[in-house]
Amino acid sequence: LANHYINSFNASVLSSPTNAQVLGSANGQSVTLTGDAALIGDYLMLTPRANSKAGGVTIPASGANSNALRVSFNYISTKTSADNPADGFSYSFAPDASASGTSPAAEIGTGTKLMVSFATYGNSRGIRVYYNAPSNQTLTTTTNANGPLLAYSNNTSWMGVNAQISIVVSNDGKLSLSVNGTSIFTNIQFASNYISSDKSTWLHVFKARTGGSNEIL
């Protein structure tokens, strides 16, 4: 796989055009921050430790129609499950993904294709993989091979720690996810329209929000 976007956030310069902050580029297009997201020291912060905040980052499309995908990032949150933080974050890969959209909620994802959800609040916490979800998707736990919820785990080992998260999609449209080298999901099959879709225009979006409780993401 060719690298599309890599950033350690320790040498980037932010500028502020209209309604957006720019954090480098990918495929000749700006990588933008929205909402309360900001570069703090050597870290990209999606939400501060304050209630009712939301932030996101949009990485533009690669221009390549590849089935295979690898997304790897280091994630740091400030609260464990015992602290009952809110609400979580997500990674989405879709042609209509939006960092500023409010439905579904930020911890669920955005767009009509792949959403990987990391929810942190109450009984809803855990990791979920959605595909072909509607705009009003909620945090459910009943999986279905036909979607929209393809996989669910109540694993919270990524909360309150520095975690390395890896998301890998194979050429035949199967997703595997690990946290700090421990497998959470293996070979979760996407719907057939993943293979047939032109993914050269699909955006990559990370987003998060806080509610009546909060955490730094």
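Being a predicted model, the structure only gives us computed values, none of them experimental. (Residues numbered from 1 in each chain as written. Predicted model: local features only at pLDDT ≥ 70, side-chain atom pairs only at ≥ 80, totals over all residues. Heavy atoms only, no water.)

1. Some thoughts on the pattern of salt bridges
Then, in step 1: Taken as a whole and assessed by the stated rule, the structure comprises three salt bridges.
Then, in step 2: Between Arg209 and Asp87 there is a salt bridge; the shortest N-O distance is 3.7 Å. A residue pair is termed long-range when its members are at least 10 positions apart, and Arg209 in strand β14 (residues 203-209) and Asp87 in the loop between β6 (69-76) and β7 (88-94) qualify at 122 residues.
Then, in step 3: Under the relative-accessibility criterion, Arg209 is labelled partly exposed at 30%.
Then, in step 4: The exposure class of Asp87 is buried, given its relative accessible area of 10%. (Salt bridge = Lys/Arg side-chain N within 4 Å of Asp/Glu carboxyl O. Helix = DSSP H or I, 4+ residues; strand = E, 2+ residues; numbered from the N terminus. Buried < 20%, exposed > 50% of the residue type's maximum accessible area, 1.4 Å probe, protein only.)

2. Quick word on the packing of aromatic side chains
Then, in step 1: Scanning the entire structure with this criterion turns up 13 aromatic pairs.
Then, in step 2: Ring centres 5.4 Å apart and planes at 80 degrees place the aromatic pair Phe118 and Trp158 in the edge-to-face group. Within this pair, whereas Phe118 is found in strand β8 (residues 114-119), its partner Trp158 is found in the loop between β10 (149-153) and β11 (162-169), the two being separated by 40 residues in sequence. Just as Phe118 is buried, Trp158 falls in that class too.
Then, in step 3: Ring centres of Phe190 and Tyr194 lie 4.9 Å apart, and the angle between their planes is 70 degrees; on these two criteria the pair is classed as edge-to-face.
Then, in step 4: A relative accessible area of 1% places Tyr194 in the buried class.
Then, in step 5: Connected via pairs of aromatic rings, a cluster forms that spans Phe73, Tyr75, Phe89, Tyr91, Phe118, Trp158 and Phe206.
Then, in step 6: In this structure, Lys199 is placed above the aromatic ring of Tyr194, and the distance from its NZ or CZ to the ring centre is 4.6 Å.
Then, in step 7: Its end group placed over the ring of Trp202, Lys199 keeps NZ or CZ at 5.9 Å from the ring centre. (Phe/Tyr/Trp six-rings, centres within 6.5 Å; stacked < 30°, edge-to-face > 60°. Lys NZ or Arg CZ within 6 Å of the ring centre and 35° of its normal.)

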